[in-house]
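# Structural features, examined
What follows is each chain in one-letter form.
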There are 2 protein chains.
Amino acid sequence: MRAETGERRRDAERTRTELLDVATDEFADRGYSGARVDEIAARTRTTKRMIYYYFGGKEQLYLAVLERAYSEIRAAERTADVDHLDPTAAVRRLAEVTFDHHEAHPAFIKLVGVENAQQAKHMNHVARLVDLNSSAVDLLAGVLARGVADGLFRDDVDALDVHMMISSFCFFRVANRHTWGALFDRDLLAPDRREHYRTMLGDLVTGYLRK
Amino acid sequence: MRAETGERRRDAERTRTELLDVATDEFADRGYSGARVDEIAARTRTTKRMIYYYFGGKEQLYLAVLERAYSEIRAAERTADVDHLDPTAAVRRLAEVTFDHHEAHPAFIKLVGVENAQQAKHMNHVARLVDLNSSAVDLLAGVLARGVADGLFRDDVDALDVHMMISSFCFFRVANRHTWGALFDRDLLAPDRREHYRTMLGDLVTGYLRK
DNA sequence: TTTCTAATGTACGAACTGGTACGTTAGTTA
DNA sequence: TAACTAACGTACCAGTTCGTACATTAGAAA
C-alpha cells in the first residue's frame, strides 16, 4: 500500500491522524462491532500493529475517534454570530447553522447513531465531552431570553427543548434518509429540496416560539 | 435450557415465533453484525440448528425480523380515528399516535437505526414494506386537505413533510436518548416529562400549519 | 560514527462465529 | 404397529478477527 513512492518516512503524528481518519469512516459506516481493525489498517499507509502501538486496541481507537469527532464539532458551532440579529432572525440563524452542520458531517451523525446503539456507554468514558456541547445551548438560551424580553416569544419555553426540536429535524433528515427513501421514494438530501427543508425548519421553530 | 419441565413438545409455529422474538431484541440491541446466532439460539428453548432450518441463515432471519416489525406497526397506525375531529385536533391526534407508538416500540426504533446504518440495503429486498407505510401519510393528507378547505391551514404544505416533522421529533426522543442524557443530563423518556413533550409536539405541528 | 530508542513491519496464535453433516425422535398415517 | 417425515439435537469445521511476540529500521543524540 505504502509503496508508491518507495520511500518510508517516520512521522508519528501523521500515522496517528491517518489511523483516526480512516477509523472514523470505518466505525461510522459499519458500527463498532462491524468495523474491522484489519480493514482500517489496510486503508492506511501503515499496519495494524500501529493501532495497538498508538491506541492500545480497537475500543480505545473508537474512543479516540469519538472524542475527536465531538471536539471538531464544537468549533463549528461557535461560528454563529447572532448578537446583531433580532431574536426571530437569530433563532432562524442558529437552526440553519445546525442544519448545515448536520448535512456537512454525515460521519459524525452516523457515530452518534452508533453510540446510541450502544447506550452511549463509550461516551460516558469521555467526560470531557459533556461541557463541550453546552455552548450551543447557552447561545440559544440568550437569544430566547432576548425574544421574551422584547415580547416576541412565549416565555414558557426551555432552550434545551428548542435545541432538541432543531436537532431532531436535522438529525432525522440525515440519519434516516435511507429508510425514508426506500419507504416513500423521497431523497431527503436531494440538493434541490435543501432550501425547502432549511426554510421549513426555520418556520417550524419560529412559529413555535411566537407568542 | 428447555429442560425445566422435562417434556419436549414439537411445535413448528412456536419455535419459529420464539426465534423471531428473541432475534428482534438481539438485532435491535446489537445491530446486524453485532448480533450472534449462537446467542439468539441460546435464549430460546431450541437450538441454533433451527435458525437454519426455518430461516436459512442469519441474514434471512434478520429480514424476517424486519418484515414482521414493520407489519406489526401498520396495524397500530390504523387505530387513529380522526374523521370526527376538527382538522387541528385531528393533526394533533395523529402526532400523538406516532408519539405513543415510538415510545411503546423501542425495539422497532432501534431496528430502523440498524437498517439505516446499512443504507437500508435489506429493506429494499422486502418490497412488500413500501406500500405499508403509505397509509399513515394518506390519513394525514386527508386531514390537511380538510384544514386547507376550512381556511385553517396553509395551503403550501406537503403531507409527507409534515409526517417527517412528526417522525423526526418522536424518533429522536427515543433513539438518541442515551447521548442526549450523557451530554445534557436530561432523560428524554422520563415519565414526568412525557406529557410535556407530547404537548410540545402538538403545538409545534399545529403552529406550523396555522395560516 | 556510534549508540540508542521511538517507530514500524511480519508472522502467527487463540478465540470466536457462521454454517453444516449427520444422527435422533415425536407424532402422523396407512 | 410399522413406516415415514417433519422437527429437532449434537458435534464439528473452516474462515475470520482481535491481539501479540519478535524482529527491524529511521533518525536523533552523543
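Residues numbered from 1 in each chain as written. Chains lettered and ligands numbered in written order. Predicted model: local features only at pLDDT ≥ 70, side-chain atom pairs only at ≥ 80, totals over all residues. Heavy atoms only, no water.

## Topic: the packing of helix 9 (residues 159–175) of chain A against helix 11 (residues 191–209) of chain A
Residues and elements named next belong to chain A. As a packed pair, helix 9 and helix 11 sit with axes 11 Å apart at the nearest point and diverge in direction by 160°. In terms of axis orientation, helix 9 runs roughly antiparallel to helix 11. Both helix 9 and helix 11 take part in a crossing whose hand is right-handed. Residues V162, M165, I166, F169, C170 and R173 of helix 9 lie in contact with helix 11, whose contacting residues are R194, Y197, M200, L201, L204, V205, Y208 and L209. Here the contact of helix 9 with helix 11 is built from residues that sort into 12 nonpolar, no polar and 2 charged. (Axes fitted to C-alpha atoms, helices over the stretch in contact; angles between N-to-C directions. Helix = DSSP H or I, 4+ residues; strand = E, 2+ residues; numbered from the N terminus. Parallel < 35°, antiparallel > 145°, perpendicular 65-115°, else oblique. Left-handed = near helix turned anticlockwise from the far one by under 90°. Contact = heavy atoms within 4.5 Å. Nonpolar A, V, L, I, M, F, W, Y, C, P; charged D, E, K, R; others polar.)

## With respect to the relation of the copies chain A and chain B
With an RMSD of 0.0 Å, the fit of chain A onto chain B corresponds to turning through 180° and sliding 0.0 Å along the axis. Viewed as a symmetry operation, the transformation between the two copies matches a two-fold axis. Same-surface contact between copies: 100% of interface residues of chain A are shared with the interface of chain B. (Least-squares fit on C-alpha atoms with pLDDT ≥ 70 in both.)

## A closer look at the packing of aromatic side chains
Note on aromatic pairs: each is described by the distance of the centres and the angle between the planes. Residue and element names in this part refer to chain A. In the structure shown here, the tally under the stated rule is 16 aromatic pairs over all chains. Between Y70 and F108, the aromatic rings sit 4.9 Å apart at their centres with planes inclined by 80°, giving edge-to-face as the arrangement. Taken as a pair, Y70 in helix 4 (residues 58–77) and F108 in helix 6 (residues 106–117) lie far apart in primary sequence, 38 residues in all. Each member of the pair, Y70 as well as F108, is classed as buried. With centroids separated by 5.4 Å and ring planes inclined at 85°, the aromatic side chains of F172 and W180 adopt a geometry described as edge-to-face. (Phe/Tyr/Trp six-rings, centres within 6.5 Å; stacked < 30°, edge-to-face > 60°. Buried < 20%, exposed > 50% of the residue type's maximum accessible area, 1.4 Å probe, protein only.)

## So, the confidence of the model for chain A
Detailed reading of predicted coordinates is not advised where the pLDDT is low. In this model, chain A carries a mean pLDDT of 90, and residues with pLDDT of at least 70 account for 92%. A low-confidence stretch, residues 1–7 of chain A stays under pLDDT 50, and its non-local contacts, those more than four residues away or across chains, total 4 contacts. (pLDDT = per-residue confidence, 0-100.)

## Some points on the interface of chain A and chain B
One frequent convention defines the size of an interface as the accessible area lost when the parts assemble. Across the boundary between the two partners, chain A contributes 49 residues, which contact 49 residues of chain B. Between chain A and chain B, roughly 4,300 Å² of surface is buried when both sides are summed, and carbon and sulfur atoms account for 67% of that area. Looking at the side of chain A facing chain B, the largest losses of area belong to N116, M164 and L183 of chain A, adding up to 16% of the total buried there. Our count for the chain A to chain B interface comes out at 8 salt bridges. Across the pair D203 of chain A and R154 of chain B runs a salt bridge whose closest N-O atoms are separated by 3.8 Å. Inspection of the region where chain A meets chain B yields 16 residue pairs in polar contact (both at pLDDT 80 or more). Those elements that place two or more of their residues in the side of chain A that touches chain B are helix 1 (12–34), helix 6, helix 7 (129–132), helix 8 (134–149), helix 9, helix 10 (177–184) and helix 11 of chain A. With 12 residues, the top contributor of residues to the side of chain A that touches chain B is helix 9 of chain A. Here the residues of the side of chain A that touches chain B sort into 24 nonpolar, 14 polar and 11 charged. (Buried area = accessible area lost by both parts, 1.4 Å probe. Salt bridge = Lys/Arg side-chain N within 4 Å of Asp/Glu carboxyl O. Polar contact = N/O pair within 3.5 Å; in protein donor to acceptor, adjacent residues only side chain to side chain.)

## So, unusual backbone geometry
Residues and elements named next belong to chain A. The backbone phi angle of Q119 is positive, close to 55°, even though this residue is not glycine. Mapped onto the elements, Q119 comes out in the loop between helix 6 and helix 7. Residue D185 is not a glycine yet carries a positive backbone phi of 55°. Looking at the secondary structure, you find D185 in the loop between helix 10 and helix 11.

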